[in-house]
Amino acid sequence: LQITYRGPEAGAPATQPQDPWNLWVFTTRISGNVFGEQRQKFLFVNGSFQANRTAEDLKINLRLSGNYNRREQELTTQTYVSTSKSYSASELVVWSVTDHWSFGVRGSLNSSTFYNQDLGLQGGPAIEFNVYRYAESTRKQFTFLYTVEPTYFNYEQETIFDKTTELLPAHRLQVGAQVQQRWGSIHSSVEAAQFLNDLRKYHVVLFGGFSLRIVRGLDLSINGNVSRVRDQVSLPKVGLTDEEILVRRRELGTSFRYFTFFSLSYRFGSKFANVVNPRMSGGGGGAEV
């Protein structure tokens with residue numbers, strides 16, 4: 001076996017690979033499900049489109065998404081029909097200023113029956129400081145992100161504050177940390193947002209989680225958050241029916257939220273088990289007997 005390599009001639013200009021997409025990456029997705037039986041029917045459709053461009057000096061993230069949900073259930077005395085839908089668009093443009101500072105502009109457009117919003121517009125300038133150099137972000141980062149984001153709401157129904165439309169000044173601060181090591185990773189953050197016209201309307205969210213490689217093949221992952229909620233300006237003035245509460249047709253008033261998720265997995269066996277054999281797998285993804 002003979003291998004021969006001829007290097008570039010001295011002084012020859014280096015050739016750069018050509019990228020016809022200019023670093024742009026596009027992702028489109030559509031999904032849904034339909035379920036029915038004699039006394040109930042369900043339909044859910046979801047779609048999204050993303051366009052991202054990431055370079056060292058500039059990052060651009062664009063996203064469109066929407067979903068539609070309809071359920072029909074035959075009760076004892078009547079047939080209950082519930083529909084909900086939401087649409088959203090968001091953009092983020094970030095310029096790299098130094099190894100520790102970034103400046104950006106972010107915005108979003110939303111429409112949601114669940115949140116009683118025919119239209120919600122939010123956006124403004126943002127600035128971020130990273131204690132560590134951004135080049136080290138794959139291993140560790142400790143960031144402070146501050147955003148000024150005026151918010152406009154056009155409500156579907158009159159709210160508990162007797163509003164059908166309003167423009168609210170707001171700001172947001174997020175502090176986050178993340179460490180990635182051979183033993184696993186850990187991340188946490190705290191976010192606080194507040195309406196500047198009424199400082200009593202705010203929310204604070206604490207996020208946290210870790211993934212731990214206990215031994216070879218055994219992984220433990222725990223994630224969760226807890227929130228203090230004092231800024232539900234979109235709550236409708238008209239109360240909800242029992243049916244709407246049961247199917248989560250609209251947002252409910254609350255002063256706190258929490259969520260947690262954990263998983264423990266262990267994988268063992270032959271390291272050569274990489275053969276693909278689809279025989280008697282159902283083909284269409286149905287349940288096995």
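These remarks concern the structure in this document.

1. Here's the deal with the pairing of strand β3 (residues 58–74)
By the bridge criterion, 15 bridges tie strand β2 (residues 40–54) to β3 in an arrangement that is antiparallel. Following the sheet pairing, Arg-53 is matched in β3 by Ile-60. Taken together, β2 and the strand that follows it, β3, pair antiparallel across an intervening segment of three residues. Across 17 bridges, the pairing between β3 and strand β4 (residues 79–96) is antiparallel. From the neighbouring strand, Gln-73 faces β4, where its bridge partner is Tyr-80. Where β3 folds back onto β4 in an antiparallel hairpin, the turn is made up of four residues.

2. Details of the side chain of Gln-73
Summarising the element assignment, Gln-73 is placed in strand β3. Once residues lying within four places of it in the same chain are set aside, the contact partners of Gln-73 are Arg-39, Gln-40, Phe-42, Gln-78, Thr-79, Tyr-80 and Val-247.

3. Considering the pairing of strand β10 (residues 170–181)
Bridging between strand β7 (residues 140–148) and β10 involves nine bridges; their strand directions are antiparallel. Looking at β10, one finds that Thr-143 is bridged to Gly-176. Here β10 pairs with strand β11 (residues 184–195) via twelve bridges, running antiparallel. By the bridge assignment for β11, Val-179 is matched with Ile-186.

4. What to know about the nonpolar core
Counting residues in each nonpolar core, the largest one holds six residues, listed as Phe-153, Tyr-155, Leu-168, Ala-170, Phe-195 and Val-233. Apart from the residues within four sequence positions on either side, Phe-153 is in contact with Gln-117, Leu-119, Gly-120, Thr-164, Thr-165, Glu-166, Leu-168, Phe-195, Val-233 and Ser-234.

5. A closer look at the side chain of Glu-251
Mapping Glu-251 onto the fold places it in the loop between α1 (242–246) and β14 (256–266). Looking at Glu-251, its side chain comes within polar contact range of the side chain of Gln-232, at 2.9 Å. Separated by 3.0 Å, the side chains of Glu-251 and Arg-257 make a polar contact. Residue contacts for Glu-251: discarding those within four places in its chain leaves Phe-114, Tyr-115, Gln-232, Leu-235, Leu-240 and Arg-257.

Rules of the game
Residues numbered from 1 in each chain as written. Predicted model: local features only at pLDDT ≥ 70, side-chain atom pairs only at ≥ 80, totals over all residues. Heavy atoms only, no water. Pairing = 2+ DSSP bridges. Helix = DSSP H or I, 4+ residues; strand = E, 2+ residues; numbered from the N terminus. Contact = heavy atoms within 4.5 Å. Core = buried A, V, L, I, M, F, W, Y, C linked by side-chain atoms within 4.5 Å. Buried < 20%, exposed > 50% of the residue type's maximum accessible area, 1.4 Å probe, protein only. Polar contact = N/O pair within 3.5 Å; in protein donor to acceptor, adjacent residues only side chain to side chain.

Take it as geometry only, folks, not as evidence of what the structure does.
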